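# Fold and contact review
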Amino acid sequence: MKQIIILIAVQFFLNSCSTTKLIAKEKREGSITILEELSLNFPRRAGIPFEGISDLAYDKKNSMLYMIGDRGYLYTFYIKLSPKRIKKLKYLNAFHIKSPNGTVLKPDIEGLCLDNKNRLIASFERVPRVKMISKDGRLIKNIDIPGFLRNRYIYRSKNKMFEAICYHNKYNILISAEYPIRYHSKRFQTIYSLSGKKWHFLTQKYPHSAVTAMEMMDDGNILIIERAYNGIYKPFYITLKKIYINNCDSKNLCKSKVLATLSSSSGWGYNNFEGLTRVGKNRYLMVSDNNGHYFLSTVLVYFRVDE
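Residues numbered from 1 in each chain as written. Predicted model: local features only at pLDDT ≥ 70, side-chain atom pairs only at ≥ 80, totals over all residues. Heavy atoms only, no water.

Moving on, we come to the nonpolar core. If you look at the biggest cluster of nonpolar residues, it comprises 24 residues, and the most contacted ones within it are Met67 and Tyr75. Elements with a minimum of two residues in this core: strand 3 (32-40), strand 4 (53-59), strand 5 (64-69), strand 6 (73-81), strand 7 (86-96), strand 21 (283-289) and strand 22 (298-305). Ignoring sequence-local partners within four residues, the contact set of tyrosine 75 consists of Ile48, Pro49, Phe50, Glu51, Ile53, Leu65, Tyr66, Met67, Gly69, Tyr91, Asn93 and Ala94. Listed in part, the 22 residues of the second largest apolar core include Ile32, Ile238, Leu240 and Val301. (Core = buried A, V, L, I, M, F, W, Y, C linked by side-chain atoms within 4.5 Å. Buried < 20%, exposed > 50% of the residue type's maximum accessible area, 1.4 Å probe, protein only. Helix = DSSP H or I, 4+ residues; strand = E, 2+ residues; numbered from the N terminus. Contact = heavy atoms within 4.5 Å.)

So, in structure tokens, the structure goes:
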């Protein structure tokens, strides 16, 4: 009986643990500096588990951080940042994603951003679409996308649609599929604006290299996260890459630069980073998806781009 009580107490402690710092000091990876790295573990809130995070968005004005999950949940945090660390991160609330009339849904939302009017915009897989979403998780309305992108048969599969989204000061909402659409080669990726403009770039040569997140940089170019997973016994790669959308050739193939490669073989484990948001000058947060596995943490990384 005593052993059972101890096990329950340990499990309660692990489940109620909020954040754990994973690094003692800053560390350099290529052209980025990891400022802080946190393991996030939270108990259920309003019956909703904290899991499966697919993207995040930062509201500087209100010091809010929003995280979206691909299992149909929206999470809200209060966050305070200094140039070198996360000073405070407080888990506020969790919401079911709902229809406008309040019906609970389970959509596969993969991308999240805030537009210039501070409205949450989400991108979806299974059905290729972009929607405005309220800050308590209600889907408000559809946002028009180019006609050819509505055709679900151009995607590699129903789970390879609008993986990444960001808001750009000049081009407004930008989206990217996880893998190139069918009539492109497997390395010939594309960023799409909702007005129809396209920018192409080459993914890394790792097998199954896929776009998982993107964000506008201070100079108007695009920061991309690419993931390459080929099984538990092979290296897992996360690549942070800059796409120079202002430096493209006549076919709109843009120059790119690898800023950092985070490999499982160099101590980064199998953290599946799928979310990215800009939080300050040359500073970003990225977050991993634990895929709903209770034994895996959600990892939040605060980093600086050093160019």
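All right, on to the pairing of strand 15 (residues 198-202) then. Bridging between strand 14 (residues 188-193) and strand 15 involves five bridges; their strand directions are antiparallel. Note on strand 15: the bridge partner recorded for phenylalanine 188 is leucine 202. The antiparallel hairpin formed by strand 14 and strand 15 contains four residues in its connecting segment, where glycine 196 sits at a positive phi of about 110°. (Pairing = 2+ DSSP bridges.)

Taken in spatial order, the four strands line up as 4-5-6-7 in an open sheet, and their pairing is antiparallel. Because the sheet does not close on itself, it has two edges, and the strands there are strand 4 and strand 7. The sheet shows a mean angle of 20° between the axes of neighbouring strands, direction not considered. Of the strand pairs in this sheet, strand 4 and strand 5 are connected by six bridges, and their pairing is antiparallel. Counterpart to alanine 57 in the pairing with strand 5 is tyrosine 66. (Axes fitted to C-alpha atoms, helices over the stretch in contact; angles between N-to-C directions.)

Scored by pLDDT, the protein chain comes out at a mean of 91, with 94% of its residues at no less than 70. Low confidence marks residues 1-16, where pLDDT is under 50. Its contacts with residues over four positions away, or in another chain, come to six contacts. (pLDDT = per-residue confidence, 0-100.)

One non-glycine residue, asparagine 172, lies in the positive phi region at around 65°. The residue asparagine 291 is not glycine, and still its phi comes out positive at about 55°. The residue asparagine 291 is located in the loop between strand 21 and strand 22 in this model.

Our focus in this paragraph is the state of the cysteines. Applying the stated criterion across every chain yields a total of one disulfide. Here cysteine 248 pairs with cysteine 254 through a disulfide, and the sulfurs are 2.0 Å apart. Between cysteine 248 and cysteine 254 the disulfide shows an S-S torsion of about 85°. By sign, it is right-handed. Of the residues examined, cysteine 254 reaches a relative accessible area of 6% and is grouped as buried. With no disulfide of its own, cysteine 113 lies closest to cysteine 166 among cysteine sulfurs, the gap being 6.8 Å. Overall, the relative accessible area of 6% leaves cysteine 113 in the buried class. On the basis of relative accessible area, cysteine 166 is assigned to the buried category, the value being 1%. (Disulfide = S-S within 2.5 Å.)

Tallied over the entire structure, the rule returns 18 aromatic pairs. An angle of 65° between the planes, with centres 5.7 Å apart, marks the rings of tyrosine 229 and phenylalanine 236 as edge-to-face. Among the residues examined, tyrosine 229 registers a relative accessible area of 41% and is labelled partly exposed. With relative accessibility at 3%, the residue phenylalanine 236 sits in the buried group. Judged by centre distance (6.3 Å) and plane angle (70°), the ring pair of tryptophan 268 and phenylalanine 273 falls under edge-to-face. Residue phenylalanine 273 is classed as buried on the basis of its relative accessible area of 1%. By way of ring pairs, the aromatic residues Phe42, Phe50, Tyr73, Tyr75, Phe77 and Tyr91 are connected into one cluster. Lying over the aromatic face of tyrosine 91, arginine 45 brings its terminal NZ or CZ to 4.4 Å of the ring centre. (Phe/Tyr/Trp six-rings, centres within 6.5 Å; stacked < 30°, edge-to-face > 60°. Lys NZ or Arg CZ within 6 Å of the ring centre and 35° of its normal.)

The next subject is the sheet that holds strand 11 (residues 139-143). The strand order 8-9-10-11 describes an open sheet built from four strands, whose pairing is antiparallel. The strands lining the two open edges of the sheet, one partner per strand, are strand 8 (109-114) and strand 11. Each strand of the sheet is rotated relative to its neighbour by a mean of 30°, with strand direction disregarded. One ladder, built from four bridges, connects strand 10 (residues 130-133) with strand 11; its direction is antiparallel. Looking at strand 11, one finds that valine 130 is bridged to isoleucine 143.

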